[in-house]
Protein chains: 2
Amino acid sequence: MALKRKRPQCSISCLDLEHHLAEIAQAGFADYVGTLSDSILRLKDSDIVILASPVETIIEHLNAIAPHLLENTVVTDVGSTKKEIMKHARSVLPSGVFFIGGHPVAGSEKSGVRAADSMLFKDRAWVLCPFSDTPPGALLTVMDLVGDLMAVPLTIEPDEHDRVFAMISHVPQILAIALVHAALQEDVEHSLLNVAVGRGFLDLTRIAASEFDIWKGVLDTNRGPIMAMLDKFESSLNVVKQKLHSGDLSELWAKVSARRRSMG
Amino acid sequence: MALKRKRPQCSISCLDLEHHLAEIAQAGFADYVGTLSDSILRLKDSDIVILASPVETIIEHLNAIAPHLLENTVVTDVGSTKKEIMKHARSVLPSGVFFIGGHPVAGSEKSGVRAADSMLFKDRAWVLCPFSDTPPGALLTVMDLVGDLMAVPLTIEPDEHDRVFAMISHVPQILAIALVHAALQEDVEHSLLNVAVGRGFLDLTRIAASEFDIWKGVLDTNRGPIMAMLDKFESSLNVVKQKLHSGDLSELWAKVSARRRSMG
């Protein structure tokens, strides 16, 4: 939707599951709407292919599209993990087809075409992971696309991407799920939880409303870094608990809260 | 500010620290602005005294005001913990003065008169903790006040209050601090954290921007329940980690996310 707004002359083909097609057609931003099996017809005319589905289906779709891609086609994705996807892209895509991993750092707990918003990416980071041998022209093609969506492209190694996002995205998600789980255990005794939840709890657990299907592939393809970062979180929690216990938390708190305020 | 809007005929005296007085007077909702030492003059004319400061100063102020209160005065507070405050109120207030613990479940990471908002309490819960021997009339006086602020009064035991709020407010606060602390450790290596933090991380850690001074008294007066609820959180985190490890998280996730969605 954001793309059509900026590049009205470009033809957008939107391939999705049968039962999503009516809704996508109605949203009006696609010039062609079809099922994945139509990719045989559409891909050979495509300059850029964007795989925009949950992580595990990105990996399936790489298999599905690989035979139909012509030389010099640029393929990118919007998956939330990068290492496994890029490993897979390297192994299945024909040489002469250029894959650049992508991850727009935007979105919400909502999904589907109904959540579409042409300003979704404005001023948000969009991480790009080229291979070391990706031609600069292919990278520029994707950077231009990202720029047209008003996002800010950032280039980074896929390993580093997955570690950083384990900390800033996947671990928070796990913590939110664990906190609502813990509150549910208390809930059996305290109906007060239903009415008295404050803004802090709601903010902190908003992402716990996300569907598991959106997260399954992320967790499957980034389990190692997530576990490692959960360990780091637990070390920090132990430091905080110890200081809480000894009444000595003010210095750490001041440093942390100042840092958080600087994030906006 | 919310009170003046609803009860324009009532005279509001606002007693605060010397250096806050100019700002409070400028905000225009108080009929009288003075320092705490003026309480000797103002309290004997007061029907309702509201102690609205961080928890540890509420306890100090109870000591300070106790000698000046006349019989039948109703005293309430807005502190985030209740058991210690109520124990203290019982021990220092003269008999015939009625204390009802209060806790409005609203607010933000901002504090001070600059954050004042006449709609702050609208449709939010306001927990009230009467003693078992509090006269119904005194409780009704505070319930009316809460109603005039457009909040929803809820009556609960102070012990239960402190346990529930440990889970839904104090533990989330500790987790947010620990998560930003953990991210800061990573930050040394990854400047990407500065630009790529997504909405999930920002939502989850928003409360980590709170000043320690606001929280010090909460942590000091509710350490036991907070530690107990942190243990429960860690049990839940371990359950989630185990299921993450064994690829068996979907059922727990579905249950938790459905519950979270129902909270709005």
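Reading guide: rules and limits
Residues numbered from 1 in each chain as written. Chains lettered and ligands numbered in written order. Predicted model: local features only at pLDDT ≥ 70, side-chain atom pairs only at ≥ 80, totals over all residues. Heavy atoms only, no water. Pairing = 2+ DSSP bridges. Helix = DSSP H or I, 4+ residues; strand = E, 2+ residues; numbered from the N terminus. Axes fitted to C-alpha atoms, helices over the stretch in contact; angles between N-to-C directions. Contact = heavy atoms within 4.5 Å. Parallel < 35°, antiparallel > 145°, perpendicular 65-115°, else oblique. Buried < 20%, exposed > 50% of the residue type's maximum accessible area, 1.4 Å probe, protein only. Buried area = accessible area lost by both parts, 1.4 Å probe. Salt bridge = Lys/Arg side-chain N within 4 Å of Asp/Glu carboxyl O. Polar contact = N/O pair within 3.5 Å; in protein donor to acceptor, adjacent residues only side chain to side chain. Right-handed = clockwise from strand over helix to strand, strands pointing away. Core = buried A, V, L, I, M, F, W, Y, C linked by side-chain atoms within 4.5 Å. Arc of directions from axis to C-beta. Phe/Tyr/Trp six-rings, centres within 6.5 Å; stacked < 30°, edge-to-face > 60°. Lys NZ or Arg CZ within 6 Å of the ring centre and 35° of its normal. pLDDT = per-residue confidence, 0-100. Least-squares fit on C-alpha atoms with pLDDT ≥ 70 in both.

Peer 1: Is there a simple way to think about the sheet that holds strand 3 (residues 48–51) of chain A in this case?
Peer 2: Each strand in a sheet pairs with its neighbour through backbone hydrogen bonds, running either in the same direction (parallel) or in the opposite one (antiparallel). All names here are of chain A. Strand order in the open sheet formed by 5 strands is 3-4-5-6-7, with mixed pairing between adjacent strands. One side of each edge strand has no neighbouring strand; the edge strands of this open sheet are strand 3 and strand 7 (152–155). Across this sheet, the average inter-strand angle for adjacent strands is 25°, counted without regard to direction. Direction of pairing for strand 3 relative to strand 4 (residues 74–77): parallel, over a ladder of 4 bridges. Along strand 4, the bridge assignment pairs Leu51 with Asp77. Contacting strand 3, strand 4 and strand 5 (98–104), helix 4 (residues 55–65) runs over the sheet at an angle of about 145° to strand 3. Strand contacts of helix 6 (residues 136–148): strand 3, strand 4, strand 5, strand 6 (125–129) and strand 7, with the helix running at about 165° to strand 6, the strand carrying the most contacts.

Peer 1: So what exactly am I meant to see when it comes to the packing of helix 4 (residues 55–65) of chain B against helix 10 (residues 212–221) of chain B here?
Peer 2: In a pair of packed helices, the angle between the axes and the distance between the axes together describe the arrangement. Residue and element names in this part refer to chain B. Axis separation between helix 4 and helix 10 bottoms out at 6 Å; the angle between their running directions is 75°. In this view, helix 4 runs roughly perpendicular relative to helix 10, as classed from their interaxial angle. Between helix 4 and helix 10, the residues in contact are Val55, Glu56 and Ile59 and Asp213, Lys216, Gly217, Val218 and Thr221, respectively.

Peer 1: It is not clear to me how the environment of Val146 of chain B should be interpreted in this structure. Could you clarify?
Peer 2: All names here are of chain B. You can see Val146 is positioned in helix 6 (residues 136–148). Classification of Val146 as buried rests on a relative accessible area of 1%. Note: C-alpha distance between Val146 and Ile85 (61 residues apart in sequence) is 19 Å. Val146 has contacts with Trp126, Leu128, Ala151, Val152 and Pro153, leaving out every residue within four places of it along the chain.

Peer 1: Is there a simple way to think about the interface of chain B and chain A in this case?
Peer 2: A common way to report how large an interface is uses the accessible area buried once the components associate. Between chain B and chain A, the contact holds 85 residues from the first and 85 residues from the second. Across the chain B to chain A interface the summed buried area is about 8100 Å²; carbon plus sulfur atoms make up 71%. Ranking the residues of chain B by area buried against chain A places Leu244, Trp253 and Arg260 of chain B at the top, with a combined share of 10%. Across the salt bridge formed by Lys241 of chain B and Glu234 of chain A, the nearest N and O atoms sit 2.6 Å from each other. Our count for the contact surface shared by chain B and chain A stands at 16 residue pairs in polar contact (both at pLDDT 80 or more). Looking at the side of chain B that touches chain A, the elements with two or more residues in it are helix 7 (158–187), helix 8 (192–196), helix 9 (199–205), helix 10, helix 11 (223–245) and helix 12 (250–262) of chain B.

Peer 1: Looking at this model, I keep getting lost on the pairing of strand 4 (residues 74–77) of chain B. Mind explaining?
Peer 2: Successive residues of a regular strand alternate their side chains across the two faces of the sheet. Residue and element names in this part refer to chain B. Neither face of strand 4 is exposed, since Val74 and Thr76 on one face and Val75 and Asp77 on the opposite face are all buried. For the segment spanning strand 3 (residues 48–51), helix 4 and strand 4, crossover handedness is right-handed. With 3 bridges joining them, strand 4 and strand 5 (residues 98–104) adopt parallel strand pairing. Bridged to Val74 within strand 5 is Phe98.

Peer 1: Quick question: what am I supposed to make of the nonpolar core here?
Peer 2: In summary, soluble globular proteins display a tendency toward joint burial of nonpolar side chains. Counting residues in each nonpolar core, the largest one holds 123 residues, and the members touching the most others are Ile174 and Phe233 of chain A together with Phe233 of chain B. In contact with Phe233 of chain A, other than residues within four places in its own chain, are Val171 and Leu175 of chain A together with Leu175, Ala178, Leu179, Ala182, Phe233 and Leu237 of chain B.

Peer 1: Mind showing me how you'd approach the pairing of strand 1 (residues 13–16) of chain A here?
Peer 2: In the sheet, strand 1 of chain A pairs with strand 2 (residues 32–35) of chain A via 4 bridges, with the strands oriented parallel. The partner of Cys14 of chain A across the bridge, within strand 2 of chain A, is Val33 of chain A.

Peer 1: Before we go on, may I ask you to explain helix 5 (residues 83–92) of chain A in this structure?
Peer 2: Since the α-helix packs 3.6 residues into each turn, any two residues three or four apart lie on the same face. Residues and elements named next belong to chain A. Buried within helix 5 are the following residues: Ile85, Met86 and Ala89. Buried residues in helix 5, looked at end-on, bunch into an arc of 95°, giving them a common side. Projecting away from the buried face of helix 5 at angles above 90 degrees are the exposed residues Lys87 and Ser91.

Peer 1: Would you mind showing me how to read the packing of aromatic side chains here?
Peer 2: Both the distance between ring centres and the angle between the ring planes are used here to describe each pair of aromatic rings. This structure, assessed with the given rule, holds 6 aromatic pairs over all chains. One aromatic cluster is present, formed by Phe212 and Trp215 of chain A together with Trp253 of chain B through successive ring pairs. For the cation-ring pair, Arg90 of chain B lies above Phe131 of chain B, with the distance from its terminal atom to the ring centre recorded as 4.2 Å.

Peer 1: Honestly, the sheet that holds strand 7 (residues 152–155) of chain B in this entry has me stumped. Any pointers?
Peer 2: Residues and elements named next belong to chain B. Reading across the sheet, the 5 strands line up as 3-4-5-6-7 and stay open at both edges, with mixed pairing between neighbours. Strands at the two margins of the open sheet, each flanked by one partner only, are strand 3 and strand 7. If you compare each strand with its neighbour and ignore which way they point, the axes differ by 25° on average. Judged from the 4 bridges that link them, strand 6 (residues 125–129) and strand 7 form a sheet pairing that is parallel.

Peer 1: Help me understand the confidence of the model for chain A, please; the structure alone is not making it clear to me.
Peer 2: Caution applies to low-pLDDT regions: their predicted coordinates should not be interpreted in detail. Here chain A shows a mean pLDDT of 88. Residues at 70 or above account for 91%. We note a pTM of 0.84 for the whole complex and an ipTM of 0.83 for its interfaces.

Peer 1: I'm lost on helix 4 of chain B in this one. Help?
Peer 2: All names here are of chain B. Along helix 4, the residues classified as buried are Val55, Ile58, Ile59, His61, Leu62 and Ile65. Viewed along the axis of helix 4, the buried residues span an arc of 165°, placing them on a single side of the element. The elements touched by buried residues of helix 4 are strand 3, strand 4, helix 5 (83–92), strand 5 and helix 10.

Peer 1: In this structure, what is going on with the pattern of salt bridges? I would like to understand it.
Peer 2: Pairing is possible between side chains of opposite charge, provided their charged atoms come close. Counted according to the given criterion, the structure contains 26 salt bridges over all chains. The salt bridge partner of Arg7 of chain A is Asp148 of chain A, with a shortest N-O separation of 2.5 Å. A residue pair is termed long-range when its members are at least 10 positions apart, and Arg7 of chain A in the loop between helix 1 (2–6) and strand 1 and Asp148 of chain A in helix 6 qualify at 141 residues. Take Arg7 of chain A: its relative accessible area is 18%, and that puts it in the buried class. Through salt bridges with shared partners, a single network forms among Asp203 and Arg206 of chain A together with Asp203 and Arg206 of chain B.

Peer 1: Can you help me understand unusual backbone geometry in this one?
Peer 2: Across the chain, the bulk of peptide bonds are trans and the bulk of non-glycine residues have phi less than zero. Residue and element names in this part refer to chain B. Even without glycine at this site, Asp123 takes up a positive phi of about 65°. Among the secondary structure elements, Asp123 is positioned in the loop between strand 5 and strand 6. One non-glycine residue, Met150, adopts positive backbone phi at about 70°. Looking at the secondary structure, you find Met150 in the loop between helix 6 and strand 7.

Peer 1: Explanation requested: the relation of the copies chain B and chain A in the structure shown.
Peer 2: Two chain copies here: they are related by a rotation about an axis and a translation along the same axis. Aligned on chain A, chain B shows an RMSD of 0.1 Å; the corresponding rotation is 180° and the shift along the axis is 0.0 Å. With respect to symmetry, the two chain copies, as superposed, fit the operation of a two-fold axis. Considering only C-alpha atoms, the part of chain B nearest the rotation axis is Leu204 of chain B, at 1.9 Å. Interface overlap between copies is the fraction of interface residues in one copy that are interface residues in the other; for chain B against chain A it reaches 100%, indicating a shared surface.

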